Amino acid sequence: MQRRLVVKVTAGAEAPERCAQAFTVAATAVAAGAQVSLWLTGEASWLAVPGRAEAFELPLSAPLADLRDAVLAGGTLTLCTQCAARRQLNADDLLPGVRLAGAASFVDEVLADGTQTLVY
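Residues numbered from 1 in each chain as written. Predicted model: local features only at pLDDT ≥ 70, side-chain atom pairs only at ≥ 80, totals over all residues. Heavy atoms only, no water.

**Student:** When you look at the pattern of salt bridges in this model, what are you seeing that I'm missing?
**Tutor:** In a structure, side chains of opposite charge can pair up when their charged atoms sit close to one another. Enumeration according to the criterion identifies four salt bridges in this entry. A salt bridge links R68 to E54; the shortest N-O distance between them is 2.9 Å. Of the two residues, R68 is situated in helix α3 (residues 64-74) and E54 in helix α2 (residues 52-55); the sequence distance between them amounts to 14 residues. Relative accessible area serves as the criterion here: at 45%, E54 is assigned to the partly exposed category. Of the charged contacts in the structure, one is a salt bridge between R68 and D69, with a shortest N-O distance of 2.8 Å. Given a relative accessible area of 37%, D69 falls into the partly exposed group. Where salt bridges share partners, they join E54, R68 and D69 into one cluster. (Salt bridge = Lys/Arg side-chain N within 4 Å of Asp/Glu carboxyl O. Helix = DSSP H or I, 4+ residues; strand = E, 2+ residues; numbered from the N terminus. Buried < 20%, exposed > 50% of the residue type's maximum accessible area, 1.4 Å probe, protein only.)

**Student:** Would you explain the side chain of S45 in this entry?
**Tutor:** Looking at the secondary structure, you find S45 in the loop between β2 (35-40) and α2. When near neighbours in sequence (up to four residues on either side) are disregarded, S45 contacts L40, L79, C83, R87 and L89. (Contact = heavy atoms within 4.5 Å.)

**Student:** How do you make sense of helix α1 (residues 16-31) when you look at a structure like this?
**Tutor:** In an α-helix, one turn spans 3.6 residues; hence positions three or four apart end up facing the same way. Between its terminal C-alpha atoms α1 stretches 22 Å, which fits the 22 Å expected from 16 residues at 1.5 Å a residue. Among the residues of α1, C19, A20, A22, F23, A26, A27, A29 and V30 are the ones counted as buried. Where α1 is buried, its residues meet β1 (4-9), β2 and α3. Looking one or two places after α1, you find G33, whose phi comes out positive at around 95°. (Expected span 1.5 Å × (residues − 1).)

**Student:** I'm lost on the sheet that holds strand β4 (residues 98-101) in this one. Help?
**Tutor:** Hydrogen bonding along the main chain pairs the strands of a sheet, whether they run parallel or antiparallel. Here we have five strands laid out as an open sheet, ordered β4-β3-β2-β1-β5, and parallel in their pairing. Unpaired on one side and paired on the other, β4 and β5 (115-119) mark the two borders of the sheet. Averaged over all pairs of adjacent strands, the angle between strand axes in this sheet comes to 25°, irrespective of strand direction. In the sheet, strand β3 (residues 76-80) pairs with β4 via four bridges, with the strands oriented parallel. Bridge assignment links C80 to a residue of β4, and that residue is A101. Each of β1, β2 and β5 is contacted by α1, which is oriented at about 165° to β1, the strand it contacts most. (Pairing = 2+ DSSP bridges. Axes fitted to C-alpha atoms, helices over the stretch in contact; angles between N-to-C directions.)

Without other data, these values stay purely geometric and don't point to any function.
Pasting the structure below:
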C-alpha cells in the first residue's frame, strides 16, 4: 500500500519559512514515493497563480516554483474553493493542474485509512 500524505499550507509570503517548509515536505514526500496532496489555503492561495511562486524568495531554501512543480508532477495540488473566492480567483486564473475543491474533499482525504496529515 502506498503511503499517503496530505499537507495543508495556510501561509504565504507573509510567513515564508512556514510556507517553504510545507512545500519542501510535500515535494520530498513525492520524491520518496508517497501519494501527496498539497492544499493551498489562506495566503498560500496566491501560490496557485502563475508567477507567484517564482517571485517567492527565502534564503537557503529550494526555489518554491521548483517544489511546486515537483508536487504537480507527482501529486495533487488543490486550492480551497472558499479561499479562492475570497481572493476573486477562478479556474482561469490558476496554473495548469491546480484543482479547486472544498472542505468536504479535504475531510475525505484526511480521513482515508493510511493517511498522515500535516498543517503548516
